[in-house]
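# Structural features, examined
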Amino acid sequence: MTKNDADWELEEGLPQFDDPFIQKYLKGRDALIAEEQKQRHDATFRKSLSPIAARACKIVSQIRAREQKDIWTQGLDEATAHQSDEILYPGVMFHHAKGYMEKTTLWQIVQKMPKGSLLHAHMDAMFDIDFLIDQAFSTPGIHVSAPAPLVTAQDFETAPFEFRFSSQMKMSSNEIAIWSKDYEPSTPIPIQAAAASFPNGGEIGFREWVRSRCMIMPEHSYHHHHGVDAIWAIFTKTFPVINSILMYEPIFRACFRRMLGQLAADGIRYVEFRVVPSPRYQKEGVNEAEVDRTEFCRVFQEEVNRFKETDEGKGFYEARIIWCGLRILSNMEIVESMKQCITIKQKYPDLICGYDLVGQEDSGRPLVDLVPLLFWFKKRCAEENEDIPFFFHAGETLGDGDVTDHNLFDAILLGTRRIGHGFSLYKHPLLIELIKEKKILVECCPISNEILRLTSSIKSHPLPAMLSRGVPVSLCNDDPAILGHGKNGLTHDFWQALQGLQNVDLASLAMMVQNSIRWSCYEDQTTTEWKAEVGEGILGEGIKAARLREWHSEFERFCEWVVMEFAEFDEDE
């Protein structure tokens, strides 16, 4: 304020900030903000921060503030804004931010952070797509076929095709490429031959085309005006292509080992994969698919055990499966899947940790429609002396009071231990209090919610509304390969929340990591045992308490690294 401004204010009788009644107002304001902060999910955790952890949190916030100013405010002046799509701001859409975020100091820090457990991830949507395609080319016997010739641009964009292993089929000189109108439908063509004859660039073009059919491309995520159903139509078409490559034993083994390594390298020590067991899994060298899911589960368990014996898997605890039925199927099909779930649980008791129903909530059957089947499942489990808890998807919708939104009510009433997504939960004050009372965790997937058009960016995501009300939340990645993360792990979702939401700092992230450990199914537990151990937290005597203590030691070492590595940002120095 210039001298003239000060004189003018005094002449006009404007109050000054150091006036007692203004100071009283400001103190009241600060007290009101502090009172609200007491309700936040991380209020107690903040009080327990060690001095070194508190300094690390301040340093990370300083780095965020610096980068928001230096990196995320480009292109906002009027002279250039209309000339470029590269307008950056804190919380910009994921695909706009991705090329920048991975080069930031904040990324470097978040990547190194110990991240606990990954609790919401669909396994077949997590495999490195380029590596998957490489395996298809390098594995003998992989063929490609289609139910009709792929000729038009629309065919290349949406028409079905698949890969499959066969040791019996050979390419003859007179076989016609899939890309010809004379192609005989469903004729298997060796992948190398199909790629060489691809009309849009040979093998290089073929690889890029297959890749585009296995992912939601960035331009798809931008078109929010097309709505949720349109993006889901693209999303669901990726799974058959991916699984047709993945569900051959040698390819699955190679891709699964690579994925576990990527997760462990990102600081994840335990994973619960949502798996819809594929009916087309083939053992190595066998032309026919397996009649049940036993062999797939055996290989899954074998590869996890092998990984834990390697140097890169030394600190990795375990990977388990939440068995998933498809909510769009008939009662008979869902019940048959439930029966298989119980059978596999009996054969591999440490592998299956829960049950869920997946698929687009808006177009699938609501939980209320499936209540008789779910009661039957629990009765059948009891008869077989098994306890398979529910971990339901619910509230992954823009609806408000419709049948899909009401899945939240049924999930809670049916005893779910966690809620997948819970995007519409913030609209339900009673349910918020219920899940806090019942100690139900929300598995939040912010980037997935953005790309699948529930929110335009992290800035408009309901995550802050849940955190401010004290709802227990863990961050998850959902479908990273299909959604275009390019890297497996949790760093993208952690970074997006930290960079885009002012009230989410390092301590807030740490609290969500702690939640992921408290709500992990490291072992089978009754409902009573589960609630008791979740409630006891780090003060308990079970596996969760021990692993919470291990994580706290890791987090302290991480905070020491932050303080030493980025000392120039430490305001206390």
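Structure: above.
The paragraphs below set out a description of the structure included in this document. Since we're looking at a predicted model, the values are computed, not measured. Numbering of residues begins from 1 in every chain and follows the order in which that chain's sequence is written. Thresholds applied to this predicted model are a pLDDT of at least 70 for local features of residues and 80 or more for the giving and counting of side-chain atom pairs; totals over whole chains, interfaces and linings are not thresholded and use all residues. Side-chain measures were taken over the full set of non-hydrogen atoms in the model, leaving aside hydrogen atoms and water.

### Description of the pairing of strand 1 (residues 116-122)
Rule in force here: Here's how the labels work: a residue is buried when its accessible area is under 20% of the maximum for its type, exposed when over 50%, partly exposed in between, all with a 1.4 Å probe on protein chains only. Numbering of helices and strands starts at the N terminus; helices are DSSP runs of H or I of at least 4 residues and strands are runs of E of at least 2. Pairing between strands is defined by DSSP: at least two bridges between the two strands are required.
Within strand 1, 7 of the 7 residues are buried, leaving the element largely enclosed by the surrounding structure. Relative to strand 5 (residues 268-275), strand 1 runs parallel, the two sharing 5 bridges. Directly across from Ser117, in strand 5, lies its bridge partner Tyr270.

### Some words on helix 23 (residues 491-500)
Most of helix 23 sits out of view: 10 of its 10 residues are buried. Every buried residue belonging to helix 23 is among Thr491, His492, Asp493, Phe494, Trp495, Gln496, Ala497, Leu498, Gln499 and Gly500, and all of these are buried.

### Section: the pairing of strand 3 (residues 162-165)
Only one face of strand 3 is covered, namely the face carrying Phe163 and Phe165; the face carrying Glu162 and Arg164 is uncovered. Of the strand pairs in this sheet, strand 2 (residues 142-145) and strand 3 are connected by 4 bridges, and their pairing is antiparallel. Each residue of the ladder has a partner; that of Val144, found in strand 3, is Phe163.

### Description of the pattern of salt bridges
Operational definition: One side-chain nitrogen of Lys or Arg within 4 Å of one carboxyl oxygen of Asp or Glu is enough to make a salt bridge.
Under the defined criterion, the tally for this structure stands at 40 salt bridges. Between Glu303 and Arg253 there is a salt bridge, with the nearest N and O atoms lying 2.6 Å from each other. Of this pair, Glu303 sits in helix 15 (residues 294-308) while Arg253 sits in helix 14 (residues 249-265), and the two are 50 residues apart along the sequence. Residue Glu303 shares its accessibility class with Arg253, and that shared class is buried. Among the ionic pairs, Glu318 bridges to Lys308, the shortest N-O distance being 2.8 Å. You can see Glu318 sitting in strand 6 (residues 318-326) and its partner Lys308 sitting in helix 15, a full 10 residues away along the chain. Judged by relative accessible area, which is 23%, Lys308 ranks as partly exposed. Bridged by salt links that share partners, the residues Glu249, Arg253, Arg257, Glu295, Arg298, Glu302, Glu303 and Arg306 form one connected network.

### Some points on the layout of surface pockets
Using the following cut-off: The rule is simple: put a 1 Å grid over the protein atoms alone, call a set of points where a 1.4 Å probe fits but cannot get out a cavity, call an open set with protein on both sides within 12 Å along at least five of seven lines a pocket, and count a residue as lining if it has an atom within 4 Å of a point. Grid points are joined across faces, edges and corners, and a volume is the space filled by probe spheres set on the points. Each residue is assigned to one of three groups, with Ala, Val, Leu, Ile, Met, Phe, Trp, Tyr, Cys and Pro labelled nonpolar, Asp, Glu, Lys and Arg labelled charged, and all others, Gly among them, labelled polar.
One number sums up the size of the largest pocket: a volume of about 850 Å³. Of all elements in the fold, only helix 13 (228-246), strand 5, strand 6 and helix 16 (331-347) reach the threshold of two or more residues within the lining of the largest pocket. The greatest single-element share of the lining of the largest pocket, amounting to 6 residues, is contributed by helix 13. Considered class by class, the residues forming the lining of the largest pocket number 16 nonpolar, 13 polar and 10 charged. Its volume calculated, the second largest pocket comes out at about 550 Å³. Within the residue set of the lining of the second largest pocket, elements represented by two or more residues are helix 3 (43-47), helix 24 (506-518), helix 25 (527-536) and helix 26 (543-565). Top contributing element to the lining of the second largest pocket by residue count: helix 24, with 4 residues. Here the residues of the lining of the second largest pocket sort into 9 nonpolar, 9 polar and 6 charged.

### A few points about the sheet that holds strand 5
The condition is simple: Inter-axis angles, ranging from 0 to 180 degrees, are taken between N-to-C directions of lines fitted to C-alpha atoms, where helices are fitted over the stretch in contact. Every residue pair with non-hydrogen atoms within 4.5 Å of one another is taken to be in contact.
Taken in spatial order, the 4 strands of this open sheet run 1-5-6-7, and their pairing is parallel. The sheet terminates laterally at strand 1 and strand 7 (352-358), the two strands that pair on one side only. Here the average twist between neighbouring strands, direction ignored, is 25 degrees. When strand 6 meets strand 7, the two strands line up parallel, connected through 6 bridges. Following the sheet pairing, Gly325 is matched in strand 7 by Leu357. This element, helix 14, spans strand 1 and strand 5 of the sheet and lies at about 135 degrees to strand 5.

### Details of the packing of aromatic side chains
The test is simple: The aromatic pairing rule takes the rings of Phe, Tyr and Trp, using the six-membered ring of Trp, and pairs them if the centres are within 6.5 Å, calling planes under 30 degrees apart stacked, those over 60 edge-to-face and the rest tilted.
Scanning the model with the defined rule gives 39 aromatic pairs in all. On the numbers, 6.5 Å between centres and 75 degrees between planes, the contact of Phe163 with Phe206 is edge-to-face. Here Phe163, found in strand 3, pairs with Phe206, found in helix 11 (residues 202-213); they are 43 residues apart in sequence, far enough to count as distant. Each of the two residues, Phe163 as well as Phe206, counts as buried. Ring geometry for Trp232 against Phe235: centres 5.0 Å apart, planes inclined by 85 degrees, an arrangement best described as edge-to-face. A residue pair is termed a helical-turn pair when its members lie 3 or 4 positions apart in one helix, as Trp232 and Phe235 do in helix 13 at 3 residues.

### A closer look at the side chain of Glu533
Rules: We count Lys and Arg on the positive side and Asp and Glu on the negative side, and we leave His and both chain ends out. N or O atoms closer than or at 3.5 Å make up a polar contact, with two conditions inside protein: a donor-capable atom paired with an acceptor-capable one, and, for residues adjacent in sequence, both atoms drawn from side chains.
By the element assignment, Glu533 lies in helix 25. Notably, Glu533 is buried but unbridged: the nearest opposite-charge side chain belongs to Lys544, and the N-O separation is 5.0 Å. There is a polar contact of 3.1 Å between the side chain of Glu533 and the backbone nitrogen of Lys544.

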